[in-house]
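Residue-level listing of the chains:
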Amino acid sequence: MGHLDHATFGWLTPVLSYAMACIGAALGLRCTVRALDETGRSRRNWLLTAASAIGTGIWTMHFVAMLGFGVTGTDVRYDVPLTLLSLLVAMAVVGAGVFAVGRGHRQSAGHAGPEHGPEHGSGPRTGPAHGRGNGNRDRPGQGQGRRQGPGRAGALLLGGLTTGLGVASMHYLGMAALRLHGTVRYDPLLVALSVAIAVVAATAALWAALNITSPVAVAAASLVMGAAVSSMHYTGMLAVMVDVAPSGGHLPGATPMQFIFPLAVGLGSYLFVTAAFVALSPTAGERAAYASAERRTEPATTPL
């Protein structure tokens, strides 16, 4: 059996992969928080951005970590179509989980109380009913809408299960893209443990998206989520065993530096650009404040 090295570059790949997971989680949480304060197309767009950020962060974490993976006695290559498919799977399953939770939140928010009125869901609000006088507790996505509704817990569990199983599928689909001289086997108990970690981590992430709004709390939650995703990855990697069959034959696929590294750099750049977009985009409350300020500064017109 070949010796597996999970850190051929030392601590560089584990630390960098953890950082990518944290960045993706932080962006996803912030985008989900923003989505829950919006309605209609704006909410959908923020949820799509959240799904792409979390999915990209998880996938980038996995393959940055895989840059440090090596097996004595054989080279390592990657099947390009399968690797790209694993990226699409990551984004799709995270999107399914995020939208399930977002839909459950919207349904529970609709039953939060009569104070939302028939116009609930029509957009950001201003005025004493939704302003500072009550701590913004009645804004869509906050307060009662986050804590009530029979569909919320079910949506959270369904979304966590779907996302967790999807993240595990992404991991093992990425491992299926591995090409080397030998046979890859897995310890079923460690595989099951890695899947359980993925489901728990995904459920915790979606819960955090619904309940955490403070930037400091989001940062702390993203560190925990990054650790959970990294734990799932390395637990899954501990399950791997390789029976090397030395051969001088040509291995199909691309080397990590030919394919994985450029793609990881590109996706990492996407995360940083998205972070700048989120930071510069005004919130619903800020837009309402700007509109209110503009109305107050408009000169009064007197009829002739």
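Here's the deal with the nonpolar core
No. 1: In this structure, Met66 and Leu178 are the most contacted members of the largest nonpolar core, which totals 51 residues.
No. 2: If you list the elements that add at least two residues to this core, you get α1 (12–36), α2 (40–66), α3 (80–110), α5 (150–176), α6 (188–211), α7 (215–238), β6 (240–244) and α8 (256–280).
No. 3: Looking at this core, the element that brings in the most residues is α2, giving 12 residues.
No. 4: Among all residues touching leucine 178, those that are not within four sequence positions of it are Met66, Phe69, Val76, Arg77 and Tyr78.

Some remarks on the side chain of serine 194
No. 1: If you trace the backbone, serine 194 turns up in helix α6.
No. 2: In contact with serine 194, other than residues within four places in its own chain, are Tyr172, Met232, Thr235 and Gly236.

Re the pattern of salt bridges
No. 1: This model, assessed by the stated rule, comprises two salt bridges.
No. 2: Of the charged contacts in the structure, one is a salt bridge between aspartate 79 and arginine 179, with a shortest N-O distance of 3.5 Å. Taken together, the residues aspartate 79 in the loop between β3 (77–78) and α3 and arginine 179 in strand β4 (residues 178–179) connect sequence positions 100 residues apart.
No. 3: In this structure, the salt-bridge partner of arginine 185 is aspartate 243, at a minimum N-O distance of 2.7 Å. Taken together, the residues arginine 185 in strand β5 (residues 182–186) and aspartate 243 in strand β6 connect sequence positions 58 residues apart.

Details of a nonpolar patch on the surface
No. 1: On the surface, a nonpolar cluster with roughly 570 Å² of combined accessible area is contributed by Phe9, Leu12, Leu16, Met257, Phe261 and Val265.
No. 2: Taken together, the elements giving at least two residues each to the nonpolar patch come down to α1 and α8.
No. 3: It is α8 that contributes the most residues to the nonpolar patch, three residues altogether.

Considerations on the environment of alanine 65
No. 1: If you trace the backbone, alanine 65 turns up in helix α2.
No. 2: For alanine 65, a relative accessible area of 3% corresponds to the buried category.
No. 3: Counting along the chain gives 169 residues from alanine 65 to tyrosine 234, while the straight-line C-alpha distance between them is 8.8 Å.
No. 4: Setting aside anything within four residues of it in sequence, one finds alanine 65 in contact with His6, Thr13, Ser17, His233 and Tyr234.

Looking at α2
No. 1: Its 27 residues give α2 an end-to-end C-alpha distance of 39 Å, which sits within 8% of 39 Å, the value for a rise of 1.5 Å per residue.
No. 2: Taking burial as the measure, the 27 residues of α2 include 21 buried ones, the bulk of the element.

A few points about the packing of aromatic side chains
No. 1: Within this structure, the stated rule accounts for four aromatic pairs.
No. 2: An aromatic cluster is defined as three or more aromatic residues linked by ring pairs; in this entry it consists of Trp59, Phe63 and Tyr78.

Re the side chain of threonine 203
No. 1: Its place among the elements puts threonine 203 in helix α6.
No. 2: By relative accessible area, threonine 203 is classed as buried at 19%.
No. 3: Aside from chain neighbours lying at most four places away, what touches threonine 203 is Leu156, Gly160 and Leu161.

The rules behind the values
Numbers given for residues are sequential positions, taken from 1 along each chain in its written order. Predicted model: local features are reported for residues with pLDDT of at least 70 only, side-chain atom pairs are reported and counted for 80 or more only, and whole-chain, interface and lining totals are derived from all residues. To get the side-chain values, take all heavy atoms of the structure and skip hydrogens and water. Nine residue types can take part in a nonpolar core, namely buried Ala, Val, Leu, Ile, Met, Phe, Trp, Tyr and Cys, and a core is a set of them joined through side-chain atoms within 4.5 Å. Under the scheme applied here, a residue whose accessible area is under 20% of the maximum for its type counts as buried, over 50% as exposed, and between as partly exposed, the area being computed with a 1.4 Å probe on protein chains only. Secondary structure follows DSSP: runs of H or I at least 4 residues long count as helices, runs of E at least 2 residues long count as strands, and numbering of each begins at the N terminus. It only takes one pair of heavy atoms within 4.5 Å for two residues to be counted as in contact. Basic side-chain nitrogens of Lys or Arg form a salt bridge, by our definition, when they fall within 4 Å of a carboxyl oxygen of Asp or Glu. To count toward a patch, a residue needs a relative accessible area over 30% and no salt bridge; like charges are then connected within 9 Å, while nonpolar side chains (Val, Leu, Ile, Met, Phe, Trp, Tyr) are connected within 5 Å. Note that accessible areas follow from Shrake-Rupley with a 1.4 Å probe, and for residues the cover is restricted to the protein chains shown. Given the number of residues in a helix, its expected span is that number minus one, multiplied by 1.5 Å. Planes of paired rings set the category: under 30 degrees apart is stacked, over 60 is edge-to-face and the rest tilted, where pairs are Phe, Tyr or Trp rings (Trp by its six-membered ring) whose centres lie within 6.5 Å.

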